[in-house]
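Listed below, chain by chain, are the residues.
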Amino acid sequence: MTARIIDGKQVSRKVKEEVKARVAALAAEGRRQPCLAVILAGDDPASAIYVRNKQKVCAFSGIQSMMKRLPADVSETELQEVIKELNEDPAVDGILLQLPLPEALRSLEPTFLEQISPDKDVDGFHPINIGRLALGLPAPVACTPFGVMRLLEECGESLEGKLAVVIGRSHTVGKPMLQLLLQKNATVIVTHSRTKDLATLTRQADVIIAALGKAHFVTADMVKDGAIVIDVGINRDEDGKVTGDVDFGPVSEKAAYITTVPGGVGPMTIAMLLENTLLCYAMHEGNIE
Ligand code: NAP
């Protein structure tokens, strides 16, 4: 079997176009423009690129982006003040705190994330939203797992009763994946670095979500024929080339569906940020569907 590629670039384009159409419809009704505020502290070049890309997709879809640039030596109080100001600004729908923060504030990241109003938490990292997700209540969901679910939809196969094995249990990927897959009535096993005999589990899986951050970790002998394999990993090889957690060539000979790295989950993460901004807008303005 040769796997069909689930094209993240194409699906993310579709999501961005959908958001653009919804924002245009709001404008046609004379409603205000949704707005995403991004806080960038310090001068990490990778963070600056991520933020620029987020601003570009906002501009494409008609979502206003507001930039709060703070110096690398910003104090805890100053950052708290900016979050408070944005929480209280009725024109702001979503607040994104670009991570990592400068070294001196890094250990406080969870505290700052918790200070963002849950109804403006476009990253879906607030404990209240994590709790709401676990309860099956509407909430912004962390963009990467949200994007994985959108890619799984593209396969057009029901997840009901399927065995999904998630490799990795981070708060931002593995754990929300568990909740989202459960909502679709999959049977889910979440694995981690202490899991024994992982390959025995993955070999039974109808769906494998690889999110551990180890290049080419998922090999063909770990995958059953016809499985759906989603590669979340972003790793760099010795030449600086980006690779995923899945040994793509051999695994794509066995799987039914597979994502590539790059061009799979990565483009979805940014597209789902737009979806979350619209969800927060809807919470502020009333239902927009
Ligand atoms: P993380 O916080 O480092 O978590 C990695 C997880 O993998 C941990 O739960 C760890 O287990 C588990 N793990 C490590 N070695 C393992 C092994 N040998 N067998 C089974 N599980 C193992 O990473 P993350 O933030 O979730 O990210 C995972 C990967 O996805 C990274 O490559 C990251 O760059 C990528 N990523 C991509 C996107 C995107 O937009 N495409 C977004 C986010 C992350 P323990 O808990 O036991 O340590």
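Data block above holds the structure.
Note that the structure is predicted; figures quoted are calculated from it, not measured.

Draft legend 1. Representation of the pattern of salt bridges within the structure. Per the counting criterion, the structure on display carries 12 salt bridges. Between E29 and R31 there is a salt bridge, with its nearest N and O atoms 3.2 Å apart. Residue R31 is classed as partly exposed on the basis of its relative accessible area, which comes to 30%. When salt bridges with common partners are traced through the structure, they connect K14, E18, R150 and E154 into a single cluster.

Draft legend 2. Structural view of the layout of surface pockets. Estimated volume of the largest pocket: approximately 1,400 Å³. Surrounding the largest pocket, 40 residues form its lining, Y50, T144, I234, G266 and T269 being those nearest its centre. Of all the secondary structure elements, the ones that give two or more residues to the lining of the largest pocket are α1 (8–28), α2 (45–61), β4 (94–97), α6 (143–154) and α10 (265–285). When its residues are assigned to classes, the lining of the largest pocket shows 22 nonpolar, 11 polar and seven charged. Lining the lining of the largest pocket are residues from two domains, each supplying at least three of them: domain 1 (29–118) and domain 2 (143–266).

Draft legend 3. Structural detail: the site of the ligand. Close to the ligand lie 21 residues, the nearest being R169, S170, S193, I234 and T269. For the ligand, an oxygen atom lies 2.5 Å from a polar atom in the side chain of S193. A distance of 3.5 Å separates an oxygen atom of the ligand from a polar backbone atom of V232. Coverage of the ligand by the protein chains reaches 70% of its 930 Å² of free accessible surface.

Draft legend 4. A look at α1. An ideal rise of 1.5 Å per residue puts 30 Å on 21 residues; α1 measures up with 30 Å between its terminal C-alpha atoms. Every buried residue of α1 is listed here: G8, V11, S12, V15, K16, V19, V23 and L26. The buried residues of α1 occupy an angular sector of 140° when the element is viewed end-on, so they sit on one face. Its buried side turned inward, α1 meets α2, α6 and α10. Taking the backbone nitrogen of K9 as reference, a side-chain oxygen 2.9 Å away marks D7 as the first, capping residue of α1.

Draft legend 5. Geometry of the packing of α2 against α10. For the pair α2 and α10, interaxial distance at closest approach is 10 Å and the crossing angle is 55°. Taken together, α2 and α10 sit at an angle that is classed as oblique. Where α2 crosses over α10, the two elements pack in a sense that is right-handed. Residue-level contacts link N53, K54, V57, C58 and S61 of α2 to I270, L273 and L274 of α10.

Draft legend 6. Spotlight on unusual backbone geometry. Residue P100 follows L99 across a cis peptide bond; omega there is 0°. Looking at where P100 falls in the secondary structure, it is placed in the loop between β4 and α4 (109–115). Put simply, V261 and P262 share a cis peptide bond, and its omega is 0°. Secondary-structure assignment places P262 in the loop between β11 (257–258) and α10. Despite not being glycine, D197 shows a phi value in the positive range, around 50°. Residue placement: D197 occurs in the loop between β6 (187–191) and α8 (198–202). What makes D197 exposed here is its relative accessible area of 52%. For H216, which is not glycine, the phi dihedral falls at a positive 55°. Relative to the helices and strands, H216 is located in the loop between β7 (207–210) and β8 (228–231).

Draft legend 7. How the structure looks around the sheet that holds strand β1 (residues 4–5). With parallel pairing, six strands are arranged side by side in an open sheet as β1-β11-β8-β7-β5-β6. Each edge of the sheet is formed by a strand with only one pairing partner; in this case those strands are β1 and β6.

Draft legend 8. Broad picture of the packing of aromatic side chains. In the structure shown here, the tally under the stated rule is zero aromatic pairs. The ring of F60 has K20 lying over it, and the distance from NZ or CZ to the ring centre is 4.5 Å.

Draft legend 9. Layout of the packing of α6 against α10. Two numbers describe how α6 lies on α10: the axes approach to 8 Å, and their chain directions differ by 105°. By the criterion of interaxial angle, the relationship of α6 to α10 is roughly perpendicular. Side by side, α6 and α10 meet where C143, T144, F146, G147, V148, R150 and L151 of the first sit next to V265, M268, T269, M272, L273, E275 and N276 of the second. Of the residues contributing to the contact of α6 with α10, the split by class is eight nonpolar, four polar and two charged.

Calculation rules
Residues numbered from 1 in each chain as written. Predicted model: local features only at pLDDT ≥ 70, side-chain atom pairs only at ≥ 80, totals over all residues. Heavy atoms only, no water. Salt bridge = Lys/Arg side-chain N within 4 Å of Asp/Glu carboxyl O. Buried < 20%, exposed > 50% of the residue type's maximum accessible area, 1.4 Å probe, protein only. 1 Å grid on protein atoms, 1.4 Å probe; cavity = no way out; pocket = protein on both sides within 12 Å on 5 of 7 lines; lining within 4 Å. Points joined across faces, edges and corners; volume = space filled by probe spheres on them. Helix = DSSP H or I, 4+ residues; strand = E, 2+ residues; numbered from the N terminus. Nonpolar A, V, L, I, M, F, W, Y, C, P; charged D, E, K, R; others polar. Domains from an automatic or database assignment. Near = heavy atom within 4 Å. Polar contact = N/O pair within 3.5 Å; in protein donor to acceptor, adjacent residues only side chain to side chain. Areas by Shrake-Rupley, 256 points an atom, 1.4 Å probe, with all protein chains shown as cover. Expected span 1.5 Å × (residues − 1). Arc of directions from axis to C-beta. Contact = heavy atoms within 4.5 Å. Axes fitted to C-alpha atoms, helices over the stretch in contact; angles between N-to-C directions. Parallel < 35°, antiparallel > 145°, perpendicular 65-115°, else oblique. Left-handed = near helix turned anticlockwise from the far one by under 90°. Pairing = 2+ DSSP bridges. Phe/Tyr/Trp six-rings, centres within 6.5 Å; stacked < 30°, edge-to-face > 60°. Lys NZ or Arg CZ within 6 Å of the ring centre and 35° of its normal.

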